[in-house]
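Breakdown of the fold
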Amino acid sequence: MKRLIIAVVLIIFVAGLILTSVYTIDHCCTSLLDTLSLCEEEFKAEKNTAPSLSKLLSQWESYEPVLMIFANHSSLEEIGYSIARVRLGDSEDFLKESAELKERIHHLKISEKFSLKTIT
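Now for a quick tour of the structure. (Residues numbered from 1 in each chain as written. Predicted model: local features only at pLDDT ≥ 70, side-chain atom pairs only at ≥ 80, totals over all residues. Heavy atoms only, no water.)

Let us now look at a nonpolar patch on the surface. The grouping of Met1, Leu4, Ile5, Val8, Val9 and Ile12 at the surface amounts to a nonpolar patch, some 640 Å² of accessible area in total. Of note, Ile12 is situated in helix 1 (residues 2-44). (Patch = residues over 30% accessible without salt bridge, like charges linked within 9 Å, V, L, I, M, F, W, Y side chains within 5 Å. Areas by Shrake-Rupley, 256 points an atom, 1.4 Å probe, with all protein chains shown as cover. Salt bridge = Lys/Arg side-chain N within 4 Å of Asp/Glu carboxyl O. Helix = DSSP H or I, 4+ residues; strand = E, 2+ residues; numbered from the N terminus.)

Written out as structure tokens, the structure reads:
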């Protein structure tokens, strides 16, 4: 009976970790995508994008340690490099780099969801 109780506790613990992972990654990616969309809107309206890009960087710096627990580290490094390229790039490449960053964040969000495809 003790083994059964331990097995049930372990199953509940693992299920809790999975739900936490899915929620955390979804929340972080959605927040980053919203901020990046704001940056793109400001760029298209020819406004100053520095404040929103600074917000994007500060969000990334706060989310990255948490995401390191749940996500693939190489994907996170690529996102960090893409954010740096968006911030430091010139205006000609802004939309291209922004689209690439958006795709990387979206890929992270999809690839880390719990599904049969990601298990196998």
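After presenting the structure, the write-up continues.
So, on to helix 2 (residues 50-70). Between its first and last C-alpha, helix 2 extends 30 Å over 21 residues, near the 30 Å set by a 1.5 Å rise per residue. The axis of helix 2 is deflected most strongly, by about 40 degrees, at Glu64, and proline Pro65 appears within four residues downstream. For helix 2, every residue scored as buried is listed here: Ser52, Leu53, Leu56, Gln59, Trp60, Tyr63 and Leu67. Taken together, the buried residues of helix 2 touch helix 1, helix 3 (73-88) and helix 4 (94-111). (Expected span 1.5 Å × (residues − 1). Bend = angle between axes of the 7 residues up to and from the residue. Buried < 20%, exposed > 50% of the residue type's maximum accessible area, 1.4 Å probe, protein only. Contact = heavy atoms within 4.5 Å.)

Another point: the environment of Ala50. Among the structural elements, Ala50 can be located in helix 2. Separated by 21 residues in the primary sequence, Ala50 and Ala71 place their C-alpha atoms 28 Å from one another.

Leu56, Trp60, Leu67, Ile79, Leu101 and Ile105 are the most contacted members of the largest nonpolar core, which has 21 residues in total. The set of elements that each furnish at least two residues to this core consists of helix 1, helix 2, helix 3 and helix 4. Counting residues per element, this core draws most heavily on helix 1, which supplies 7 residues. With residues near it in sequence (within four places) discarded, Leu56 still touches Leu32, Thr35, Leu36, Ile83 and Leu101. (Core = buried A, V, L, I, M, F, W, Y, C linked by side-chain atoms within 4.5 Å.)

With that settled, consider the pattern of salt bridges. For the coordinates displayed, the defined rule picks out 6 salt bridges. Here Glu40 and Lys102 are joined by a salt bridge, their closest N and O atoms 2.7 Å apart. With Glu40 in helix 1 and Lys102 in helix 4, this pair connects stretches of sequence that are 62 residues apart. Among the residues examined, Lys102 registers a relative accessible area of 28% and is labelled partly exposed. Residue Glu78 pairs with Arg104 through a salt bridge whose shortest N-O separation is 2.7 Å. On the criterion of sequence distance, the pair formed by Glu78 in helix 3 and Arg104 in helix 4 is long-range, its members being 26 residues apart.

Note that every value here comes from positions in space, so none of it alone points to a role or purpose.
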